[in-house]
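# Observations on the model geometry
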Amino acid sequence: MERNGQQTEQGRKGKFIALEGIDGSGKSTQLRLLADRLEKENVDYHMTMEPTEAPIGAMLRQILRGKMKADNRVIAALFAADRLDHLLNEENGIAAKVENGTTVITDRYYFSSYAYHSVDMPMEWVIQVNEQSARILRPTVTVFIDVDPDTAMERILRNREQQELYEKRSRLEAVRKKYLEAFDRLKEVERVVLVDGNGSLEQTAEAVWKEVAGFL
């Protein structure tokens with residue numbers, strides 16, 4: 001999924017911006033609104049997501065939709081593998097895009113794994129499984145769109161024809177707590193900002209842009 005604006009300065013590295021949030025936080029919509037804003041600002045960008053549309057990502061989507069079953073440890077490892085391919089794929093790997101001056105914006109990155117999978121297993125293990133991705137490319141900034149789990153659940157029930165694996169109210173609450181735990185655990189090495197996502201799309205979009213613009 002790619003849309004590009006104007007060219008950046010030759011030789012200048014791009015930025016890497018990850019949008020995070022529990023299911024129903026509206027981050028996918030906010031990613032598209034951020035892309036529109038980058039387009040208007042003539043920023044050369046690439047918009048992407050995880051799980052990816054590559055073969056491992058397609059398998060993960062089948063698991064999330066309940067069409068395939070897998071152990072939680074297998075799911076965590078598949079996400080880590082899909083992420084490495086996302087970074088290093090010869091055709092469209094995002095690590096090379098950032099290195100070559102493109103700003104990459106993504107719907108989810110490794111903090112999603114830290115939060116979602118550490119509900120079922122030790123967070124330290126999940127962090128270690130994703131260590132290579134963190135070494136290859138850390139986000140310039142991770143924007144966490146923070147939404148109350150009740151609000152998120154209302155949005156999911158209103159907008160989804162079929163709920164996915166993790167889309168239960170109790171799970172969303174647990175995942176949100178794990179996100180906050182991961183942010184605190186890694187505060188010395190990661191740059192994370194929290195944005196209130198309980199308001200309107202426009203309010204949230206403006207808050208996201210205010211945080212992102214300073215890094216461009």
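If you're wondering where the values come from, they're calculated on a predicted model, not measured in any experiment. (Residues numbered from 1 in each chain as written. Predicted model: local features only at pLDDT ≥ 70, side-chain atom pairs only at ≥ 80, totals over all residues. Heavy atoms only, no water.)

### Looking at the nonpolar core
In plain terms, the rule: Within this scheme, the nonpolar core is defined by two criteria: the residues are buried Ala, Val, Leu, Ile, Met, Phe, Trp, Tyr or Cys, and they are joined through side-chain atoms within 4.5 Å. Remark: exposure states derive from per-residue accessible area (1.4 Å probe, protein chains only) relative to the maximum for the residue type, with buried under 20%, exposed over 50%, and partly exposed in between. Here, residues are in contact when the closest pair of their heavy atoms is within 4.5 Å.
One finds Ile-17, Leu-34, Ile-105, Phe-111, Tyr-114, Val-143 and Tyr-179 to be the most contacted residues of the largest nonpolar core, which totals 50 residues. Not counting residues within four places of it along the chain, the set of residues in contact with Ile-105 comprises Ile-17, Leu-31, Leu-34, Ala-35, Leu-38, His-46, Met-47 and Thr-48. Leu-64, Ile-75, Leu-78 and Phe-79 belong to the second largest nonpolar core, which has 6 residues in total.

### Regarding unusual backbone geometry
Glycine aside, negative phi is the norm for most residues, and most peptide bonds take the trans geometry. Selection rule: Numbering of helices and strands runs from the N terminus, with a helix taken as a DSSP run of H or I at least four residues long and a strand as a DSSP run of E at least two residues long.
For the bond from Glu-50 to Pro-51, the omega torsion is -5°, close enough to zero to count as cis. Unusually for a residue other than glycine, Asn-42 sits at a positive phi of about 60°. Locating Asn-42 in the fold gives a position in the loop between helix 1 (27-40) and strand 2 (45-49). With a phi angle near 85°, Arg-108 is a residue other than glycine that sits in the positive phi range. Mapped onto the elements of the fold, Arg-108 is located in the loop between strand 3 (103-107) and helix 5 (110-117).

### Things to note about the sheet that holds strand 1 (residues 16-20)
Convention followed: Any two strands between which DSSP finds at least two bridges are classified as paired. In this analysis, axes come from line fits to C-alpha atoms, helices being fitted only over the stretch in contact, and the angle between any two N-to-C directions falls in the range 0 to 180 degrees.
Sheet architecture is open: 5 strands sit in the order 2-3-1-4-5, paired in parallel fashion. Unpaired on one side and paired on the other, strand 2 and strand 5 (192-196) mark the two borders of the sheet. Along the sheet, successive strands turn relative to each other by an average axial angle of 20°, direction set aside. Summarising the sheet, strand 4 (residues 141-146) and strand 5 pair through 5 bridges and their orientation is parallel. Bridge assignment links Phe-144 to a residue of strand 5, and that residue is Leu-194.

### Concerning the environment of Glu-206
Turning to its location among the elements, Glu-206 is positioned in helix 10 (residues 201-213). Linking Glu-206 and Ala-35, residues 171 residues apart in sequence, is a C-alpha distance of 13 Å.

### Thoughts on the pattern of salt bridges
Working definition: two side chains of opposite charge can pair if their charged atoms are close together. Filter applied, for reference: By convention in these notes, a salt bridge is any Lys or Arg side-chain nitrogen within 4 Å of a carboxyl oxygen on Asp or Glu.
For the coordinates displayed, the defined rule picks out 18 salt bridges. With its nearest N and O atoms 3.8 Å apart, the salt bridge here joins Glu-41 to Arg-37. Look at Glu-41 and you get partly exposed, because its relative accessible area is 42%. Taking relative accessible area as the criterion, Arg-37 reaches 27% and is therefore assigned partly exposed. Linking Asp-184 and Lys-187 is a salt bridge whose minimum nitrogen-to-oxygen distance equals 3.4 Å. Looking at Lys-187, the relative accessible area reads 53%, which means it is exposed. Through salt bridges with shared partners, a single network forms among Glu-124, Lys-178, Glu-181 and Arg-185.

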